[in-house]
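Structural characterization, general
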Amino acid sequence: SCSAFVLFLDRSASAFVRLLSAMRHFQFFQHAYPHGVATLQYPQGAVTQHSLGFVCPTPTLDVGSVGSTQPVQRQPIVAAGSQSPAIIPRQQAPSIQHSWCDAGIAVRPPNVRTAKDPQPVPEEALKLLKLGNARYVAGTPQAVSTDAGMRKALFDHGQAPYAAIVGCADSRCPVDTVFDARPGDLFVLRNAGNTCTHAEGSIVGSLEFCVAHLKSSLILVMGHTKCGAIHAATKAYLDGQEGVDAAPASSALEGLLSGLGSVAHQAASDLDKSANAQAIAEHAIEVNVFNTINFLLQFSQVIRAKVQHGEVQIHGGIYDLETGAVRFLGRSPKEAAFLSSQMGMPPTMSGASGNGLLMRGMHGVRTAADCSVNPKDALKLLQAGNQRFASGSPLAGRTNLNMRKALVDFGQAPHATIIGCADSRCPIESIFDAMPGELFVLRNAGNTCTHAEGSMVGSLEFSIGPLKSKLILVLGHTKCGAVHGATKMYLDTKRSTERGSALEALLHDLGCVAQDAQAQLARGASADEIAERAIKVNVFHTMNFLLKFSKIVREKVRDGEIELHGGIYDLTTGCVEFLGQSPLQAEVLESRTCLPPSIAVASGNVSRGMHGIRTSADEIVFAADAMRLLKEGNERFAVGQPMTGKVDSSMRRALVEHGQAPHTAVVGCADSRVPIDTIFDAMPGELFVLRNAGNTCTHAEGSIAGSLEFCVGALKTRLIFVLGHTKCGAVAGATQAFLSGMKK
């Protein structure tokens, strides 16, 4: 079977005769030219040698373009001045090159490619690369020599490479050789690691020239096995994970390896935790190929447009140093997503040109004279800025007197508001490569609202109100000391409940975050695992708090005017993981609370009374308002933000002198786990509480009813609230007794 062997023509007469002898058994063969498809037809007949060359019955060549509807042209292959049978001169034999591969025999044109030749479509260009690599692997290259005529043709007519290759500078990966390419075939760009982490403008600009002016239809990003740059970057990343302090980059090489750290991080995340350094590095080679492809799509409008119109394809590949074969990876799995990018050029070049897409504003910085940025664009700006920061190519910091004056004269117009941690390793503006005027930043230990929440919420309302910011991002970070400290305190069964300092109070009130994190993990999770999960839980906890206790934030989120997102900054890689919106957003948007707990108390909005506590000297609270007070008090209790307990002698004296005026009467269970006043975060004088087992009136009902009549009559209370609870022992016992009686 012909498909079971491969024939290559070299300069020897015997090889050529063997090839033609084999071919005479077949009526025709398909040939893939760079510019189309040809069918070579041989009639039956003997192949012999001739003093002028090689003789065979006259073959014909049917030439037509791939996918063309035009009729083919049949051309006899006859040496100039010869008659049939065809005599092919010896000097022409080496240029009539055949190889049986893929669906047919690939025939190289006798000359080099120049600008006079039509460009192949992307699929045909990819096929030419595959055929060339197959010849290289088989050890039968055809692009072994050039002559003066070929070089003159390239000089006279210019280049027309059918593909552009972004490859590694490794001396073991000679790109033209790997694809058995002649001068004029390939447009080759190479650096250590086939990457765009540094000097990306040079790579992208060169490729834009290739696809726009030279009309190449294929870009191949090619990594290779045992890549020294990737292995070194992986080692540096893993050393950092193990606590080995990395010295600041002291050379361009160290800067390059540092820029590849995100590739190693992603590779490690993709694999099982048991993967060793070798496995991570080898996987990182593939990750890096797609990382470069995605970079090209994200930061080149020219390349994106060509890909969108089907004029260009970008593929990945990995060259195996041992076998010589290229493993073709296809297109990026994220191609569709990156084709939606709005970035017109690479980061370093964007800054140099003042690209408006960076939203720097008409004065070079954002001011109130500029248009507001919608939430989705604001999020893209944060993502793009973090990518520049993580890749070591920041643009911010280039301010001048005119920019600062513009900020003074026109005022600020930040496109986003960030609640971040006060940790010195998390400089918010640097992380997002932001210029003055772009970010409204709030920071405290633990990026939380457990204390001074009024300050945080009020500041946010100012930023989304008068300043018209459209995006709020709550940003946690890995290895957060506050969250780790709170987790340790929560897990320490010997901890004291005393709060001897503000720090201890802060950590204590973050305990609910650690508790939620532990509940989400499997039994036996370590303290570090719980703490790292708690970092994400805390981000969502803060987001939910903002929605629950700010009517302004809720309304703007509900109306789609602003968006509230979460994120986690990785101290090691410099990358921010964007978490999106809170999973509980829809539920929390139903809150009716208008003020954070501390502000509500300070402003008297919890109806504490003129003496700081409710007495009969205060006005009656109507039923609807009383129900609201119960709900708000329970919300404070549920989120760990109670305000009760601050009772002084003057408050107690007021209760004695003026008497009580509870706004609600509560009938509850006597269960010790259900402390009524605590559940509703109530001060003395606010609730008239009746309790028994089962919160019932089945026995001693006169006592319950008489007490309630006294409350609504003499004390003028307007709301009675009957409260049951889950896992009620009285009701469970009664249920069991009833079921037992049924069985009897």
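Note that the structure is a prediction, hence the values are computed from the model and not measured.

Quick look at the overall build of the protein
For the protein, the count of helices and strands is 28 helices and 22 strands. Going through the 744 residues of the protein one by one, you find that 47% of them count as buried. Relative to all contacts within the protein whose residues are 6 or more apart in sequence, the contacts with residues 24 or more apart total 72%. Carbon and sulfur atoms provide 56% of the accessible area of the protein, an area that totals close to 35,200 Å².

A word on the sheet that holds strand β10 (residues 163-168)
With mixed pairing, the five strands of this open sheet are ordered in space as β11-β10-β12-β13-β14. The sheet is open, and its two edges are formed by β11 (186-191) and β14 (326-330), each paired on a single side. Neighbour-to-neighbour, the strand axes of this sheet turn through a mean angle of 25°, independent of strand direction. Relative to strand β13 (residues 313-319), strand β12 (residues 218-224) runs parallel, the two being bridged by seven bridges. In the strand pairing of β13, L220 is matched with H315. Against the sheet, helix α2 (residues 122-138) makes contact with β10, β11, β12, β13 and β14, and its axis sits at roughly 35° relative to β12, the strand it touches most.

A look at the environment of E563
Relative to the helices and strands, E563 is located in strand β18 (residues 563-569). Judged by relative accessible area, E563 falls into the buried class, the value being 14%. Sequence separation between E563 and L471 is 92 residues; the distance between their C-alpha atoms is 5.1 Å. For E563, the side chain forms a polar contact with the side chain of K376, separated by 3.0 Å.

Considering the pattern of salt bridges
Under the criterion given, the structure shown has 16 salt bridges. Note that R135 is salt-bridged to D180, the shortest N-O span being 2.6 Å. Pair noted here: R135 is in helix α2 and D180 is in the loop between α4 (175-178) and β11, with a separation of 45 residues, a long-range link. Comparing R135 with D180 shows no difference in burial state: the two are buried. In this structure, a network of salt bridges that share partners links the residues K470, K556 and E561.

Some points on the packing of helix α6 (residues 228-241) against helix α9 (residues 277-299)
A pair of packed helices is characterised by two quantities: the angle between their axes and the separation of those axes. It is at 9 Å that the axes of α6 and α9 come closest, and there the two elements cross at 120°. With respect to their mutual orientation, α6 and α9 come out oblique. When the axes of α6 and α9 are compared, the crossing they make is right-handed. Counted together, I230, H231, T234 and L238 of α6 and A277, Q278, I280, A281, E282, A284, I285 and N288 of α9 form the full contact between these two elements. A per-class count over the contact of α6 with α9 returns seven nonpolar, four polar and one charged.

Overview of unusual backbone geometry
Of note, K215 is a non-glycine position whose phi angle comes to about 65°, a positive value. As for its position among the elements, K215 is in the loop between α5 (200-212) and β12. A relative accessible area of 47% means that K215 is categorised as partly exposed. A positive phi angle is found at D681, which is not glycine, with a value near 45°. Mapped onto the secondary structure, D681 falls in the loop between α26 (676-679) and β21 (687-692).

Let's talk about a nonpolar patch on the surface
A contiguous nonpolar patch, built from V712, I720 and V722 and spanning about 230 Å² of accessible area, is present on the exposed surface. Here V712 shows up in helix α27 (residues 701-713).

A short note on the environment of F338
Along the chain, F338 falls in helix α11 (residues 335-338). Here the alpha-carbon distance between F338 and F299, two residues 39 residues apart in the chain, equals 9.1 Å. Residue contacts for F338: discarding those within four places in its chain leaves N294, L297, Q298 and R304.

Describing the confidence of the model for the protein
Close inspection of predicted coordinates is inappropriate for parts of the model with low pLDDT. Per-residue pLDDT for the protein averages 77, and the proportion of residues at 70 or more is 74%. Segment residues 1-108 is flagged for pLDDT under 50; beyond a separation of four residues in sequence, or across chains, it makes 205 contacts in the model. Under a pLDDT of 50 for its full length, residues 601-606 has, in the predicted model, twelve contacts with residues more than four places off or in other chains.

So, the sheet that holds strand β19 (residues 576-580)
The five strands are arranged β16-β15-β17-β18-β19 in an open sheet whose pairing can be described as mixed. The sheet is open, and its two edges are formed by β16 (439-444) and β19, each paired on a single side. Going across the sheet, the axis of each strand differs from the next one's by a mean of 25°, ignoring polarity. Note: strand β15 (residues 416-421) against β16, six bridges, orientation parallel. Each bridged residue has a counterpart across the sheet, and for G420 the counterpart in β16 is R443.

Some details on the state of the cysteines
Overall, the coordinates contain zero disulfides when judged by the stated rule. C426 takes part in no disulfide bond, and the closest cysteine sulfur, belonging to C421, lies 5.9 Å away. Residue classification places C426 among the buried positions, given a relative accessible area of 3%.

Quick look at the packing of aromatic side chains
With the rule as written, the count across this model stands at seven aromatic pairs. Ring geometry for F187 and F209: centres 6.2 Å apart, planes at 50°, overall tilted. Here the residue F187 occupies a position in strand β11, and F209 occupies one in helix α5, the gap between them amounting to 22 residues. Measuring from ring centre to ring centre gives 6.4 Å for F389 and Y569, while their planes differ by 50°; the resulting arrangement is tilted. Highlighted residues: F389 in helix α13 (residues 375-390) and Y569 in strand β18, separated in sequence by 180 residues. Look at Y569 and you get buried, because its relative accessible area is 4%.

A word on the nonpolar core
Counting 46 residues, the largest nonpolar core has L207, I219, L296 and I303 as the members making the most contacts within it. Of all the elements, α9 adds the most residues to this core, at eleven residues. Discounting chain neighbours no more than four positions away, the residues touching L296 are C196, I203, V204, L207, I219, V221 and I303. Membership of the second largest hydrophobic core comes to 39 residues, among which are C421, M456, V457 and V537.

Reading the values: rules and limits
- Residues numbered from 1 in each chain as written.
- Predicted model: local features only at pLDDT ≥ 70, side-chain atom pairs only at ≥ 80, totals over all residues.
- Heavy atoms only, no water.
- Helix = DSSP H or I, 4+ residues; strand = E, 2+ residues; numbered from the N terminus.
- Buried < 20%, exposed > 50% of the residue type's maximum accessible area, 1.4 Å probe, protein only.
- Contact = heavy atoms within 4.5 Å.
- Areas by Shrake-Rupley, 256 points an atom, 1.4 Å probe, with all protein chains shown as cover.
- Pairing = 2+ DSSP bridges.
- Axes fitted to C-alpha atoms, helices over the stretch in contact; angles between N-to-C directions.
- Polar contact = N/O pair within 3.5 Å; in protein donor to acceptor, adjacent residues only side chain to side chain.
- Salt bridge = Lys/Arg side-chain N within 4 Å of Asp/Glu carboxyl O.
- Parallel < 35°, antiparallel > 145°, perpendicular 65-115°, else oblique.
- Left-handed = near helix turned anticlockwise from the far one by under 90°.
- Nonpolar A, V, L, I, M, F, W, Y, C, P; charged D, E, K, R; others polar.
- Patch = residues over 30% accessible without salt bridge, like charges linked within 9 Å, V, L, I, M, F, W, Y side chains within 5 Å.
- pLDDT = per-residue confidence, 0-100.
- Disulfide = S-S within 2.5 Å.
- Phe/Tyr/Trp six-rings, centres within 6.5 Å; stacked < 30°, edge-to-face > 60°.
- Core = buried A, V, L, I, M, F, W, Y, C linked by side-chain atoms within 4.5 Å.

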